[in-house]
Each structure stands twice: as structure tokens, then as C-alpha cells.
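Close look at the chain arrangement
Here are the chains, one letter per residue:
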Amino acid sequence: MALADLSVLDQFSVTGFPPGTSPGLRTFFSPVDNVHGALVALIKSAQQSLVLAMYGFDDQELADALLEKLNDEHVVVQFTLDSSQAAGVHEKRILAQENYPASTVAVGRSEKGAIIHLKMVVIDGLDVVTGSTNWSSGGESLQDNEMTVVRDALLAAKSRARIDAIHAHVLAAAHGSSVAVAGSQTLSQAPGAPG
């Protein structure tokens, strides 16, 4: 279930972590640390569930890792994207190319009609990945961003509940409006969302 412990991620930090750092907390900063490498390791660590709410998403290697998890019969994947970002040239290409089979994938707007600006992942109900880092080459390696990983089942449950509520809203807003993906699966998109 998830990574054996978060110290596995220490290899992606340029400066390392000082003695006494909580074993359940790791923070990485781009463009200094290898945020991309840490994200790949985290996504690949999922054994049971992977729940994401992501604003920016145009990282091909992360897209491939997600597809691998979506195709794994033992991993439930829920993926929520902001429609304004998912309509970008590279983002649209990734979504079409990967042809995600979907446990469930939804693209839309917030309950108030604004952007879904979260950059959050809950892995196996245990690890929460959050911060300002979008899943893009610029966000991971050029911009000043932060990504924090917290191993805490209670925080994971709270985060999951919020992501689930956002996902349910996007699906409800899209009711009757969906695009076929991988046979009987659907990629739901809210009406009026760029597409």
C-alpha cells in the first residue's frame, strides 16, 4: 500500500531533509528539487486508489502512469480536471491520446462556476500530495512551486471527501453531456466547458 515510507522520496530533494524531520512529511520545491521524479514515484506507488483533482495537467509521463493505474483492475482511479485547463492544446492531446478507460474522469468547473484550482492527490487513502505545483513541465521544473506529501489517514479522508464532492458536482453539472471514451466508459464534461 503506497510507498513503504516517505523517506523513499528523499532522493528527489537536492538539499535532503534535516534530522528530526517528521517521517510523515516531505516538501519539495521546484525548480530546485526533482518534483517530477517524486510525482512519478508517488503515482506508481498506488496499489488501491488514486484520487486526483488537478488544475494543470500536461505531463506525458504522469499521464502514462495514470493510464497504467486506470488499466489496473486493483486500483480505483478518480480524476477531476478543470475544464479551462483541460481544453489546452497539450492537455486535449493527452486526454485523447491516452483514451483513459476511467474508473471515473470528470472535467468541469467549481460549484461557483470558477476554476478548480486544486493540485491534490490522495493515494491509497494514506498519502496526500498537495501544493502549488501543476502537472506540467513548467510547473514541475521551471516555476517556483511547492509540493508537499503528508502521510496521514485522517487528512487523506478529509481531502478525499472534498475531492469527491467536487467530482460529484462536475458529474451532476455534466448530466446528459458526455463524450464516449473506451467503449462504455465516459469522460464527463460540464455543459459550456471548453472542449
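Rules used throughout
Residues numbered from 1 in each chain as written. Predicted model: local features only at pLDDT ≥ 70, side-chain atom pairs only at ≥ 80, totals over all residues. Heavy atoms only, no water. Core = buried A, V, L, I, M, F, W, Y, C linked by side-chain atoms within 4.5 Å. Buried < 20%, exposed > 50% of the residue type's maximum accessible area, 1.4 Å probe, protein only. Helix = DSSP H or I, 4+ residues; strand = E, 2+ residues; numbered from the N terminus. Contact = heavy atoms within 4.5 Å. 1 Å grid on protein atoms, 1.4 Å probe; cavity = no way out; pocket = protein on both sides within 12 Å on 5 of 7 lines; lining within 4 Å. Points joined across faces, edges and corners; volume = space filled by probe spheres on them. Nonpolar A, V, L, I, M, F, W, Y, C, P; charged D, E, K, R; others polar. Pairing = 2+ DSSP bridges. Right-handed = clockwise from strand over helix to strand, strands pointing away. Salt bridge = Lys/Arg side-chain N within 4 Å of Asp/Glu carboxyl O. Expected span 1.5 Å × (residues − 1). Arc of directions from axis to C-beta. Polar contact = N/O pair within 3.5 Å; in protein donor to acceptor, adjacent residues only side chain to side chain.

Concerning the nonpolar core
Grouped together as the largest cluster of nonpolar side chains are 35 residues, with contacts concentrated most on Leu 9, Leu 50, Val 121, Trp 135 and Met 147. Elements supplying a minimum of two residues to this core: α1 (35-45), β2 (49-54), α2 (60-70), β3 (76-82), β4 (104-108), β5 (119-123) and β7 (145-151). Among the elements that line this core, the one with the most residues is α1, at six residues. Once residues within four sequence positions are removed from consideration, Leu 9 is found in contact with Leu 3, Phe 28, Ala 38, Ala 41, Leu 42 and Val 149. In terms of nonpolar packing, the next biggest core, distinct from the first, is built from seven residues, Val 51, Met 120, Val 122 and Ile 163 among them.

Details of empty space enclosed by the protein
Scanning the model with the defined rule gives two cavities of 30 Å³ or more in all. Taken as a whole, the largest cavity spans an internal volume of roughly 50 Å³. Looking at the largest cavity, the residues that line it are Leu 39, Met 54, Lys 119, Val 121, Val 129, Thr 130, Gly 131, Thr 133, Trp 135 and Met 147. Of all the elements in the fold, those that place two or more residues in the lining of the largest cavity are β5 and β6 (127-131). In terms of residues, the lining of the largest cavity owes the most to one element, β6, which gives three residues. Split into classes, the residues belonging to the lining of the largest cavity amount to six nonpolar, three polar and one charged.

Comments concerning the pairing of β3
With respect to burial, β3 is a largely interior element, six of its seven residues being buried. Direction of pairing for β2 relative to β3: parallel, over a ladder of six bridges. What sits directly across from Leu 52, in β3, is Phe 79. A crossover connection joins β2 to the parallel β3 through α2; in handedness this β-α-β unit is right-handed.

Some remarks on the pattern of salt bridges
Applying the stated criterion to the full structure yields five salt bridges. Between Arg 160 and Asp 164 there is a salt bridge; the shortest N-O distance is 2.8 Å. Separated by four residues within a single helix, Arg 160 and Asp 164 lie in helix α6 (residues 153-173), roughly one turn from each other. Of the residues examined, Arg 160 reaches a relative accessible area of 29% and is grouped as partly exposed. The exposure class of Asp 164 is partly exposed, given its relative accessible area of 26%.

A closer look at the pairing of β7
Most of β7 is tucked away, with five of its seven residues classed as buried. Examined bridge by bridge, strand β1 (residues 25-30) and β7 share six bridges and lie antiparallel to one another. Paired with Phe 29 across the bridge in β7 is Glu 146.

Focus: the environment of Leu 42
Along the chain, Leu 42 falls in helix α1. With a relative accessible area of 1%, Leu 42 lands in the buried category. Expressed as a C-alpha distance, the spacing of Leu 42 and Leu 9, which sit 33 residues apart in the sequence, is 8.4 Å.

Some words on the side chain of Ser 136
Looking at the element boundaries, Ser 136 is found in the loop between β6 and α5 (137-141). With relative accessibility at 14%, the residue Ser 136 sits in the buried group. Beyond its immediate chain neighbours, meaning those up to four positions away, Ser 136 contacts Asp 58 and Asp 59.

Thoughts on α6
With 21 residues, α6 extends 30 Å from end C-alpha to end C-alpha; this agrees with the ideal 30 Å at 1.5 Å per step. Buried within α6 we find Ala 156, Ser 159, Ile 163, Ile 166, His 167 and Val 170. Buried residues of α6 fall within an arc of 100 degrees about the axis and therefore sit on the same side. In α6, the exposed positions angled more than 90 degrees off the buried face are occupied by Leu 154 and Lys 158. At its buried positions, α6 is contacted by β2, β3, β4, β5 and β6. Its side-chain oxygen at 2.9 Å from the backbone nitrogen of Leu 154, Asp 152 defines the N-terminal cap of α6.

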